[in-house]
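Descriptive analysis of the structure
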Amino acid sequence: MRMSQLLLPTEREAPADAQALSHILGVRAGLVRQLGAGLWTWLPAGLRVHQKIEAIIREEMNAIGGQELLMPLIQPRDLWKKTGRDQIDEIFSLSDRKGAELVLAMTHEEAVTFHVSQLVRSYRDLPLILYQLQLKGRDEPRPRAGVLRTREFIMKDSYSFDRDEAGLEASYAKHIEAYDRIFERSGLEWYRVESDVGVMGGSGAHEYMAPCPAGENEVALAPGYAANVEVASAEPSAATLGDRLGEPAEVSTPGAKTIEQVSAALELDPTALLKAFPVVTDSDKTVLAVVRGDHRVNEFKLRTALGEGFRPATDEEISDQIGPPGFIGPVSITIPVLLDDAVVGQEGGWVTGANSRDLHLVGVEPGRDFEFEAADIRSVEDGDVVDGAPIRLEAAIEVGNIFKLGTRYSEPLGATFLDQDGMKQDIVMGSYGIGPARIAAAAIEQNADEKGIAWPKSIAPWQIELVALGKAGSPELEAAEKLYGELVALGGDVLFDDRDAGPGEKFTDAELLGCPLRITLGKRSLESGALEVQARRGLAELDPIALDESSAAVILETLAQLP
RNA sequence: CGGGGCGUGGCGCAGCCUGGUAGCGCACCUGCUUUGGGAGCAGGGGGUCGGAGGUUCGAAUCCUCUCGCCCCGACCA
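Please read these numbers as outputs of a predicted model, since none were measured by experiment. Every chain begins its residue count from 1, and numbering advances along the sequence as written. Here the convention is simple: chains get letters from A, ligands get numbers from 1, in the order in which they are written. The predicted nature of this model means local features are confined to residues of pLDDT at least 70 and side-chain atom pairs, given and counted, to a pLDDT of 80 or more, with totals for whole chains, interfaces and linings taken over all residues. The basis for the side-chain values is all heavy atoms of the structure; hydrogens and waters are excluded.

1. Observations regarding the confidence of the model for chain A
Low pLDDT means the predicted coordinates in that region are not meant to be read closely. Think of pLDDT as the predictor's per-residue confidence, scored from 0 to 100. Mean pLDDT over chain A stands at 87; residues scoring 70 or higher make up 99%. For this predicted complex, the interface score ipTM comes out at 0.86, while the overall pTM is 0.86.

Pasting the structure below:
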């Protein structure tokens, strides 16, 4: 591609409203432009990146026997009523000129299951893996960070259809294979982590996470361990408890409502305190969740432990059913107590609220002083231990997920088959997503430096940028033209900066756009007989390449050597 | 949905407090010079000041409403 003819609007300055690095650099390098909140246009260079990612995905999906198809973005609302998902807030709704109700698909479980229910009749038709790369529409409450969370985006979504759970396990394993390869080939740092299956149930799920500062998720990492913080479990750091007493003793703690205030007032470590978190469940039960003072309640785990959704209790409900807010605790109350595992079985006395104003209790011991049910309901923290190794928490972008659906969709949509005994069975499904745009954004975030982007070779908009110095008609520009032609003839993926611009501008743009290999041909090259070669990663100067009839081949070899 | 911020030429901003008919840098166009790290000189084009209403002799500026965008939080199949 000749840069003189390319729409590549690079910017010196970052857009005023951009925060995330991938947002800033995506716009500055001329890859994407915004049309509205969460609505982005992929400009030619950015689209090349997207398409290279798509190509990797297609190859790996085909390799596990996936078959590509394409389903509509616009769908009849009735279809979504059958699964109840027409009530989701993120659904974009529209109607046609006749008043028929339509939605924009936020994923395609309904559509693909609809077709499979008609097309699959026999166990002989299974298993099946179908996939597509298609737009999704989601009315996100808060689009953010450029291309990271948008209201319209292309997703690779695949769906597996199996005869039974064992079949699903096999299809799931195939997707793990394909996904591992896709993210590896994309050049990302990535983790496959256990994830929350959510209220939809399902028998298992993993997420693929790419660590980077702009990420919206957090992963807990230790050698051999990776999990979304939503589900991560680990051994807590040690607690420093107060003295054991024969029975709880009241202490005066005037005005001390927070963990900090109470631990300061009593001169005790925050780990000696119990934090009480009253919640009201969807079925209107009040439960007191209790974690260690320095720990935080994990709402995902708590939801799992409760077996239903919940909301924090209001101050009024707390006063009515437990005690004055700020001074509540699990001793001598009538509502059930859900105690975090980290609190159970420790030697020593805990501090809790006394359920009276300005009073706390010391020397409290679970089991002796209050009844409880134990569960893992806290969020892991930096320094917690897994298999003897401390974990660290890192921000990450979710670039993919895989989910064992079971019969969540096949049942309401009537996707059944006849087994060998002629018995009608529900098809067992899985669904699997990848966001190519997020892979691009994560690649930018993970590999950028102060000069710009440093793309992984596999998804760079071009693998080579040939910078020609010298004005039109100069011998060096003519030599560059010749070299460009030779590179293209050998199948090189080359961006040729043939613009009528100064060297500074060309080098700056090249470093901003971040093609892995930069070849410079100027007057000096003609004098010395050598091309200058720079690897974008680390801005490393490589050995010069002789300027002769073998140059193009040597350049491609050099590129192949790059990691 | 709660909180905060911002809308002035393609981009980044000043002007607003204290009303007087819009300015700066970059980019763009023409010409000449320049060509190894975002060039120089000269000339030039481009703005309903997000929108509507109001106050006023006069509104980018003051008032009311409204739309859009960003950030934090909530939410996130």
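From this point on, the discussion continues.
2. Regarding the sheet that holds strand β13 (residues 249-252)
Whether two strands pair depends on DSSP finding at least two bridges between them. Here a strand is any run of E in DSSP of at least two residues, a helix any run of H or I of at least four, and the numbering for each starts at the N terminus. Pairing is antiparallel across the open sheet formed by three strands, whose spatial order is β13-β19-β18. Two strands bound the open sheet, and with one partner strand each, they are β13 and β18 (350-353). Between one strand axis and the next, the sheet turns by 35 degrees as a mean value, whatever way the strands run. With three bridges connecting them, β18 and strand β19 (residues 359-364) associate as antiparallel partners. Counted as the bridge partner of W350 is V364 from β19. Helix axes are fitted to C-alpha atoms over the stretch in contact, other axes to C-alpha atoms as well, and angles between N-to-C directions run from 0 to 180 degrees.

3. What to know about the pattern of salt bridges
Put simply, a salt bridge is a Lys or Arg side-chain nitrogen that is within 4 Å of an Asp or Glu carboxyl oxygen. A full pass over the atoms with the stated rule returns 33 salt bridges. We note a salt bridge from E101 to R77, for which the minimum N-O separation is 4.0 Å. With E101 in strand β6 (residues 101-104) and R77 in helix α3 (residues 77-83), this residue pair connects regions lying 24 residues apart in the sequence. Residue exposure (1.4 Å probe, protein chains only): buried if accessible area is under 20% of the type maximum, exposed if over 50%, otherwise partly exposed. By relative accessible area, R77 is classed as buried at 12%. Between D509 and R499 there is a salt bridge, and its shortest N-O distance comes to 3.0 Å. One end of the pair, D509, is in helix α11 (residues 503-513); the other, R499, is in the loop between β28 (494-497) and α11, and 10 residues separate them in sequence. By relative accessible area, D509 is classed as buried at 7%. One salt-bridge network, held together by shared partners, links E140, R144, R149, E216 and R438.

4. Topic: the layout of surface pockets
Here a cavity is any set of points on a 1 Å grid over the protein atoms alone where a 1.4 Å probe fits but cannot get out, and a pocket is any open set with protein on both sides within 12 Å along at least 5 of 7 lines; a residue lines the site when it has an atom within 4 Å of a point. Grid points are joined across faces, edges and corners, and a volume is the space filled by probe spheres set on the points. By volume, the largest pocket amounts to about 1400 Å³. Lining the largest pocket are 46 residues; nearest its centre among them are M106, R138, E207, E398 and N401. Counting residues per element, the ones that place at least two in the lining of the largest pocket are β8 (152-162), β10 (204-211), α7 (299-306), β23 (392-406), β26 (428-434) and α9 (436-447). If you tally residues by element for the lining of the largest pocket, the top one is β23, at seven residues. For the lining of the largest pocket, the class distribution of residues is 20 nonpolar, 12 polar and 14 charged. Of the pockets and cavities examined, the second largest pocket occupies roughly 260 Å³. Polarity classes work like this: nonpolar for Ala, Val, Leu, Ile, Met, Phe, Trp, Tyr, Cys and Pro, charged for Asp, Glu, Lys and Arg, and polar for all others, with Gly in that last group.

5. Things to note about empty space enclosed by the protein
The final tally for this structure, using the stated rule, is two cavities of 30 Å³ or more. Counted as a void, the largest cavity has a volume near 80 Å³. Lining the largest cavity are 13 residues, and of these L31, V32, W42, V147 and I444 sit closest to its centre. Put simply, the parts of the chain that give the lining of the largest cavity at least two residues each are α1 (21-28), α2 (44-63) and α9. Partitioning the lining of the largest cavity into residue classes produces nine nonpolar, four polar and no charged.

6. What to know about the packing of aromatic side chains
A pair of Phe, Tyr and Trp rings is counted when the ring centres sit within 6.5 Å of each other, with Trp represented by its six-membered ring. The angle between the planes then sorts it: under 30 degrees is stacked, over 60 is edge-to-face, the rest tilted. Scanning the entire structure with this criterion turns up eight aromatic pairs. Measuring from centroid to centroid gives 6.2 Å for Y172 and Y432, while their planes differ by 50 degrees, and the two rings are tilted. Of this pair, Y172 sits in helix α5 (residues 165-185) while Y432 is found in strand β26, placing the two residues 260 residues apart along the sequence. Between the aromatic rings of F183 and W190, the centroid separation amounts to 6.4 Å while the plane-to-plane angle is 40 degrees, which identifies the pairing as tilted.

7. What to know about the nonpolar core
Each nonpolar core is a collection of buried residues, namely Ala, Val, Leu, Ile, Met, Phe, Trp, Tyr and Cys, held together in the definition by side-chain atoms within 4.5 Å. Residues L31, Y179, F183, V399, W455 and L513 are the most contacted members of the largest nonpolar core, which totals 57 residues. Contact between two residues is taken to exist if any of their heavy atoms lie within 4.5 Å; hydrogens are not considered. Residues within four places of W455 in sequence aside, it is in contact with L31, V49, A440, A443, I444, A460, P461, L513, G514, C515, P516 and R537. Listed in part, the 27 residues of the second largest apolar core include V262, L288, I322 and I335.

8. Digging into helix α13 (residues 551-561)
Regarding α13, the residues found buried are S551, A552, I555, T558 and L559. What you see down the axis of α13 is that its buried residues fit within an arc of 120 degrees, all on one side. Residues of α13 that are exposed and point more than 90 degrees away from the buried face comprise E557, A560 and Q561. Looking at the buried positions of α13, the neighbouring elements they touch are β27 (464-468), α10 (475-489), β29 (517-521), β30 (530-535) and β31 (540-546). The arc refers to the directions leading from the helix axis to the C-beta atoms.

9. Some details on the environment of D284
Mapping D284 onto the fold places it in the loop between β14 (274-281) and β15 (286-292). On the basis of relative accessible area, D284 is assigned to the exposed category, the value being 62%.

10. Considerations on the packing of α2 against α5
Contact geometry of α2 with α5 gives a least axis separation of 9 Å together with a crossing angle of 155 degrees. Taken as axis vectors, α2 and α5 run roughly antiparallel relative to one another. Here α2 runs over α5; the crossing is right-handed. Between α2 and α5, the residues in contact are I56, I57, E59, E60, M61 and A63 and H175, A178, Y179, R181, I182 and R185, respectively. A class-by-class count of the residues in the contact of α2 with α5 yields seven nonpolar, one polar and four charged. An angle below 35 degrees is treated as roughly parallel, one above 145 as roughly antiparallel, one from 65 to 115 as roughly perpendicular, and anything else as oblique. Helix crossings get a hand from a simple test, with the near helix turned counterclockwise from the far one by less than a right angle marking a left-handed crossing and a clockwise turn marking a right-handed one.

11. Some thoughts on unusual backbone geometry
Phi is mostly negative for residues that are not glycine, and the peptide bonds are mostly trans. Look at the link from L126 to P127: it is a cis peptide, with omega at 0 degrees. Among the structural elements, P127 can be located in the loop between α4 (109-119) and β7 (128-137). In this structure, S332 is a non-glycine residue whose phi angle is positive, near 60 degrees. Its place among the elements puts S332 in the loop between α8 (315-321) and β17 (337-340). Positive phi values are uncommon outside glycine, yet L539 reaches one of about 50 degrees.

12. What about the side chain of S410?
With respect to the element layout, S410 can be found in the loop between β23 and β24 (416-418). The exposure class of S410 is buried, given its relative accessible area of 0%. Beyond its immediate stretch of four places on either side in the chain, S410 contacts T113, A415, D426, I427 and M429.

13. Side note on the pairing of strand β12 (residues 225-228)
Here β12 shows no split at all, with Y225 and A227 on one side and A226 and N228 on the other all buried. Sheet topology places strand β11 (residues 217-222) next to β12; four bridges connect them, and they run antiparallel. Across the sheet, the residue bridging to L221 is A226, located in β12. What sits between the antiparallel neighbours β11 and β12 is a turn of two residues, in which G224 has the positive phi angle 75 degrees.

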